[in-house]
Amino acid sequence: MKPIVLITGGSRGIGAATALLCARAGYDVAINYAHDAAAADAVAEQVRSLGVRALTVRADVSDEAQVLAMFERVDAELGPLSALVNNAGVVAAAARLDEMSLTRWQRVFGVNVIGSLLCARAAVMRMSRLHGGAGGVIVNVSSRVAQLGSPGIYVDYAASKGAIDSLTLGLARELIGEGIRVNGVRPGIIDTEIHASGGMADLVPGVAATLPIGRMGSADEVAQSIVWLMSAASSYCVGTLLDVGGGR
Ligand code: NAP
């Protein structure tokens, strides 16, 4: 039986690139998405063409009932979970704090933080030796802005990623004795559609040009780090936050 990974937000960008690399590494892959079923299906087709199973699961990760139902579908249709990639994340339009609304913060923290907590809890219930599981790995997708703060653009998003860093550090130490290894990646400026949702699509390439590496990263460059943290090659990494930021 092949190992089984659930990738939240696996239908586009970093999540989709991770799904394909996981398939190449021999995982059966559950691809979560929120809205765009066609995009998720297209990733699933590519995953299957690599000789492993794929399942697409629609669920808003900020909704507890939907998350519980998603994990039950993975149990029933693929089998026992071996790995979780907490990748689903959102930004809102670039703004100063004094222009931001409570509704916006509830969405950003709901998806980025509560979503990661809900999925991590469901994964722990399945993978922890304390609960009869066989162990596993969790990789959380944070951001370099957790340490940079993103002033004038989205301090709320940066703060939500700061929470992901703390979650990664704490959960790693909480779970390593139960056979679950938890780590995280902090991507820099990566060429995906997320920037358009923040109204930043036109500005981002120019900012990336000022980075030491002089360009945006690709989703695949982040996925390589995620899959390495999932693999036995990183077996002594526990609570590691790997910066994938081109020198940012
Ligand atoms: P993206 O291209 O915008 O893709 C986001 C993915 O998340 C899509 O599959 C989307 O599915 C899914 N999603 C959105 N809201 C969701 C929800 N409520 N429940 C479940 N799935 C949801 O994003 P990306 O750039 O690849 O970013 C992936 C992760 O990397 C995020 O956590 C982001 O914060 C982080 N990151 C990105 C960058 C960057 O520069 N791109 C930098 C640092 C960190 P639908 O299309 O169906 O909504």
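Residues numbered from 1 in each chain as written. Predicted model: local features only at pLDDT ≥ 70, side-chain atom pairs only at ≥ 80, totals over all residues. Heavy atoms only, no water.

Enquirer: When you look at the pattern of salt bridges in this model, what are you seeing that I'm missing?
Expert: Once their charged atoms are close, side chains differing in charge can pair, the charge on each being opposite to the other. Inspection of every chain in the model, using the stated rule, returns 12 salt bridges. In this structure, the salt-bridge partner of R53 is D28, at a minimum N-O distance of 3.0 Å. A residue pair is termed long-range when its members are at least 10 positions apart, and R53 in the loop between α2 (37-48) and β3 (54-58) and D28 in strand β2 (residues 28-33) qualify at 25 residues. The partly exposed category is assigned to R53, whose relative accessible area is 35%. In this structure, R96 and D98 form a salt bridge, with 2.6 Å as the shortest nitrogen-oxygen distance. (Salt bridge = Lys/Arg side-chain N within 4 Å of Asp/Glu carboxyl O. Helix = DSSP H or I, 4+ residues; strand = E, 2+ residues; numbered from the N terminus. Buried < 20%, exposed > 50% of the residue type's maximum accessible area, 1.4 Å probe, protein only.)

Enquirer: How should the state of the cysteines be read in this particular structure?
Expert: Defined simply, a disulfide is a covalent bond joining two cysteines at their sulfur atoms. Throughout the structure, instances matching the rule amount to 0 disulfides. Here C237 is not cross-linked by a disulfide; its sulfur's nearest cysteine counterpart is in C22, at 16 Å. Look at C237 and you get buried, because its relative accessible area is 16%. (Disulfide = S-S within 2.5 Å.)

Enquirer: Just to check I follow, could you spell out the site of the ligand for this structure?
Expert: Around the ligand lies a shell of 32 residues, among which S11, H35, N87, Y157 and T192 are the nearest. Within the side chain of S11, an N or O atom sits 2.7 Å from an oxygen atom of the ligand. Contact with the protein chains covers 96% of the free accessible surface of the ligand, which is 910 Å². Counting only elements with at least two residues in the shell around the ligand, the list comes to α1 (13-24), β2, α6 (155-175) and α7 (194-197). Looking at the shell around the ligand, its residues break down into 14 nonpolar, 13 polar and 5 charged. (Near = heavy atom within 4 Å. Polar contact = N/O pair within 3.5 Å; in protein donor to acceptor, adjacent residues only side chain to side chain. Areas by Shrake-Rupley, 256 points an atom, 1.4 Å probe, with all protein chains shown as cover. Nonpolar A, V, L, I, M, F, W, Y, C, P; charged D, E, K, R; others polar.)

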